[in-house]
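Coordinates in review
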Amino acid sequence: RQGKNVGKLSFIDLAGSERASDVNDNDRQTRLEGAEINKSLLALKECIRALDQNSKHVPFRGSTLTSVLKDSFIGNCRTVMIANVSPGTASCEHTMNTLRYANRVKQLKGASKGRDPGQGG
């Protein structure tokens with residue numbers, strides 16, 4: 001065997017789709033945190049879209065989240081995404097969005113396996 005085997009384990013809580021209408025607390029800090037979560041999720045969505053479309057440029061530098069997850073989407077890696085959903089009817093919209101997101105990532109993995117880790121950024 002040549003070279004080293006390298007492992008990386010990232011636990012990232014993607015919970016958040018924080019909409020202003022969902023936040024009962026008018027605390028400024030809570031609203032700012034929600035906005036930051038949404039920015040990170042939007043950057044992740046843009047990366048997934050670029051990978052799905054085999055774009056020459058994948059904007060992994062769009063956020064800290066996408067920079068950390070870059071290795072999970074390209075190159076020779078194994079990625080597990082755990083989607084935590086709720087059976088409650090009040091959470092139906094969030095549950096469906098989570099499942100759509102997870103499905104999109106699942107479909108993406110097969111197409112991006114052979115992608116050059118040097119691409120994007």
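Here's what I pulled together on the structure shown here. (Residues numbered from 1 in each chain as written. Predicted model: local features only at pLDDT ≥ 70, side-chain atom pairs only at ≥ 80, totals over all residues. Heavy atoms only, no water.)

On to the overall build of the chain. When helices and strands are counted, the chain shows 3 helices and 0 strands. In sequence order, the chain lays out its α and β elements as α-α-α. The buried share of the chain, reckoned over its 121 residues, is 23%. Nonlocal contacts in the chain, meaning residues at least 24 apart in sequence, comprise 60% of its contacts between residues at least 6 apart. Accessible area for the chain stands at about 9100 Å²; split by element, carbon and sulfur atoms hold 50% of it. (Helix = DSSP H or I, 4+ residues; strand = E, 2+ residues; numbered from the N terminus. Buried < 20%, exposed > 50% of the residue type's maximum accessible area, 1.4 Å probe, protein only. Contact = heavy atoms within 4.5 Å. Areas by Shrake-Rupley, 256 points an atom, 1.4 Å probe, with all protein chains shown as cover.)

Turning to helix 2 (residues 64-73), a few remarks are in order. Residues of helix 2 that are buried: Leu 65, Thr 66, Leu 69, Lys 70, Ser 72 and Phe 73. When helix 2 is viewed along its axis, its buried side chains cluster within an angular range of 165° and face the same direction. Its side-chain oxygen 3.3 Å from the backbone nitrogen of Leu 65, Ser 63 forms the N-cap of helix 2. At the C-terminal side of helix 2, Gly 75 shows a positive phi close to 75°. (Arc of directions from axis to C-beta. Polar contact = N/O pair within 3.5 Å; in protein donor to acceptor, adjacent residues only side chain to side chain.)

Here we come to the environment of Leu 108. Considering the arrangement of structural elements, one finds Leu 108 in helix 3 (residues 92-112). Taking the relative accessible area as the measure of exposure, Leu 108 reaches 1% and is therefore buried. Excluding residues within four positions of it along the chain, Leu 108 makes contact with Ile 48, Leu 51, Asp 52 and Phe 73.

We now examine helix 1 (residues 28-52). At 3.6 residues per turn, the α-helix brings residues three or four places apart onto the same side. Counted at 1.5 Å a residue, the expected span for helix 1 with its 25 residues is 36 Å, and the 36 Å between its end C-alpha atoms agrees. One or two positions beyond helix 1, positive phi appears at Asn 54, with a value near 50°. (Expected span 1.5 Å × (residues − 1).)

The subject of this paragraph is a nonpolar patch on the surface. Nonpolar side chains collect at one region of the surface, where Val 85, Met 96 and Leu 99 lie side by side and expose about 230 Å² of accessible area between them. Along the chain, Val 85 falls in the loop between helix 2 and helix 3. Classification of Val 85 as partly exposed rests on a relative accessible area of 37%. (Patch = residues over 30% accessible without salt bridge, like charges linked within 9 Å, V, L, I, M, F, W, Y side chains within 5 Å. Salt bridge = Lys/Arg side-chain N within 4 Å of Asp/Glu carboxyl O.)

You can see Ile 48 is positioned in helix 1. The class for Ile 48 is buried, based on a relative accessible area of 4%. Separated by 53 residues in the primary sequence, Ile 48 and Tyr 101 have C-alpha atoms spaced 9.7 Å apart. Those residues within four positions of Ile 48 in sequence are excluded, and the remaining contacts are Phe 73, Tyr 101, Arg 104, Val 105 and Leu 108.

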